[in-house]
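# Examination of the molecular architecture
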Amino acid sequence: MGKTLIVMGNGPSLKDLNWDLIKDFDTFGLNSAYRAYERLDWYPTYHGCFDYIVTECHRQNFVKLINTGKIKQHFYIRNISNASNFTHINLQPWKTTDKINKSIEDFNSFTDNGNSGANACSVGMCLGYTNIILLGVDCNYVEHVEGSTRDGRGGLKMFKTPENNPNYWFDDYQQEGDRYNVPRGQVFHKPAWNDFASLAKENNINMVNCSPISTLECFEKITLSEAIQKYKA
């Protein structure tokens, strides 16, 4: 059957998650989702960030999260901690190598898979997971949400916390002062996912997408209940 990992994107479909359904599975949370963990009294098995702008913006909060010890292992592309539950991902520039990440040794020279969700899946492959369930990977971004403004070449900054954020599963996922990249969902995220789907298939990694509103067509789409039955221990 193999080991199963749930990779949690931060799309709005995650709002409807029945958290009890995933309590017996290893999970991988990403980026600014840490803001909801304390409120939920829930923490993923792993947490990661594979975006340089986001990592720098949230560096202090990531260090605080590491120090709580409530997450088994953290994976970030800046070397921000010496804690035993932190792993530095030495991310290689996009498209500079066709190497496949297959083992923990690859963390020292990690092939960039194009977006945070795909990179989390790739970390999962290195950790020995052969079944991956995608949640909240909707890939239907609004490029410029309320409260955002241009911040240098290709970047955005929140000049206020939006009352409603259509891109994420909770409205204050992005807050005043946050810096991040323009999502570029259709021209960047979607092609990266298509490439990763092919990679996963070539390496006998089973992947299903459980977002009912996802625009991705490269993975089998089933309900979370069906995925749990399919991959339950």
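Right, let's walk through the structure included here. Everything numeric in this text was worked out from a predicted model, so none of it was measured. (Residues numbered from 1 in each chain as written. Predicted model: local features only at pLDDT ≥ 70, side-chain atom pairs only at ≥ 80, totals over all residues. Heavy atoms only, no water.)

## Quick notes on the overall build of the protein
Stated precisely, the cut-off is as follows: Secondary structure elements are taken from DSSP: a helix is a run of H or I of four residues or more, a strand is a run of E of two residues or more, and numbering for both begins at the N terminus. Taken over C-alpha atoms, the radius of gyration is set against a globule rule of 2.2 Å times the number of residues to the power 0.38. Contacts are assigned to residue pairs with any non-hydrogen atoms lying within 4.5 Å of each other. Method for areas: the Shrake-Rupley scheme with a 1.4 Å probe, in which residue coverage is limited to the protein chains shown. By the counting rule applied here, Lys and Arg register as positive and Asp and Glu as negative, while His and the ends of each chain are not counted. Throughout, a charge is located at the NZ atom of Lys, the CZ atom of Arg, the CG atom of Asp or the CD atom of Glu.
Summing up its helical and strand segments, the protein has six helices and eleven strands in all. Whereas a compact globule of 233 residues would reach a radius of gyration of roughly 17 Å, the protein reaches 17 Å, a difference of no more than 12%. Taking the principal axes of its C-alpha atoms as reference, the protein extends roughly 45 × 35 × 35 Å. Excluding contacts between residues fewer than 6 apart, the proportion of contacts in the protein whose partners are at least 24 apart in sequence is 53%. Roughly 11200 Å² of accessible area belongs to the protein as shown, and the carbon and sulfur atoms make up 46% of that amount. With 24 positive and 26 negative side-chain charges, the protein shows a separation of 3 Å between the mean positions of the two kinds.

## Side note on the pattern of salt bridges
As a reminder of what qualifies: What makes a salt bridge here is a side-chain nitrogen of Lys or Arg within 4 Å of a carboxyl oxygen of Asp or Glu, nothing more. Relative accessibility decides the category of a residue: with a 1.4 Å probe and only protein chains considered, values under 20% of the type maximum give buried, values over 50% give exposed, and everything between is partly exposed.
A complete count under the given rule lists nine salt bridges for this structure. Between Arg-35 and Asp-178 there is a salt bridge, and its shortest N-O distance comes to 2.6 Å. Of this pair, Arg-35 sits in helix α1 (residues 34–40) while Asp-178 sits in the loop between β8 (155–158) and β9 (179–181), placing them 143 residues apart in sequence. Summarising the burial analysis for this pair, Arg-35 and Asp-178 share the class buried.

## Description of the layout of surface pockets
Over the atoms, a rolling probe the size of a water molecule traces out where space has been left empty. Using the following cut-off: Space inside and on the surface of the protein is sampled on a 1 Å grid over the protein atoms alone, with a cavity defined as a set of points where a 1.4 Å probe fits but cannot get out and a pocket as an open set with protein on both sides within 12 Å along at least 5 of 7 lines; lining residues have an atom within 4 Å of a point. Grid points are joined across faces, edges and corners, and a volume is the space filled by probe spheres set on the points. In the scheme used here, Gly and all other residues not listed as nonpolar or charged are polar, with Ala, Val, Leu, Ile, Met, Phe, Trp, Tyr, Cys and Pro taken as nonpolar and Asp, Glu, Lys and Arg as charged.
Considering only enclosed or pocket space, the largest pocket measures out at about 970 Å³ in volume. In this structure, the largest pocket is lined by 45 residues; those nearest its centre are Asp-51, Asn-115, Ser-116, Asn-181 and His-189. Contributing elements (two or more residues each) for the lining of the largest pocket: α2 (52–57), α4 (116–126), β9 and α5 (185–202). Here the residues of the lining of the largest pocket are counted per class, giving 20 nonpolar, 19 polar and six charged. Taken as a whole, the second largest pocket encloses approximately 270 Å³ of empty space. What lines the second largest pocket is a set of 15 residues, and nearest its centre among them are Thr-97, Thr-111, Asp-112, Asn-113 and Asp-195. Broken down by class, the residue content of the lining of the second largest pocket amounts to five nonpolar, four polar and six charged.

## Considerations on the sheet that holds β8
Note the cut-off: When DSSP finds two or more bridges between two strands, those strands count as paired. Working convention: axes come from line fits to C-alpha atoms, limited for helices to the stretch in contact. Angles between N-to-C directions cover 0 to 180 degrees.
As summarised here, the arrangement of the three strands in space is β7-β8-β9, forming an open sheet in which the pairing is antiparallel. Taken across any chain shown, the strands that pair with only one partner, and hence form the sheet edges, are β7 (148–150) and β9. Along the sheet, successive strands turn relative to each other by an average axial angle of 35 degrees, direction set aside. Note: β8 against β9, three bridges, orientation antiparallel. In the strand pairing of β9, Gly-155 is matched with Asn-181.

## Section: the pairing of strand β2 (residues 26–30)
Heads up, the condition is: A clockwise path from the first strand over the helix to the second, with the strands pointing away from the viewer, defines a right-handed crossover.
With four of its five residues buried, β2 lies for the most part within the structure. Sheet topology places strand β1 (residues 3–8) next to β2; three bridges connect them, and they run parallel. Bridging across to β2, Val-7 finds its partner in Phe-28. Taken together, the three bridges between β2 and strand β3 (residues 46–49) define a ladder with parallel strand orientation. Following the sheet pairing, Phe-28 is matched in β3 by Tyr-46. Between β2 and its parallel partner β3, the chain crosses via α1, and the hand of that crossover is right-handed.

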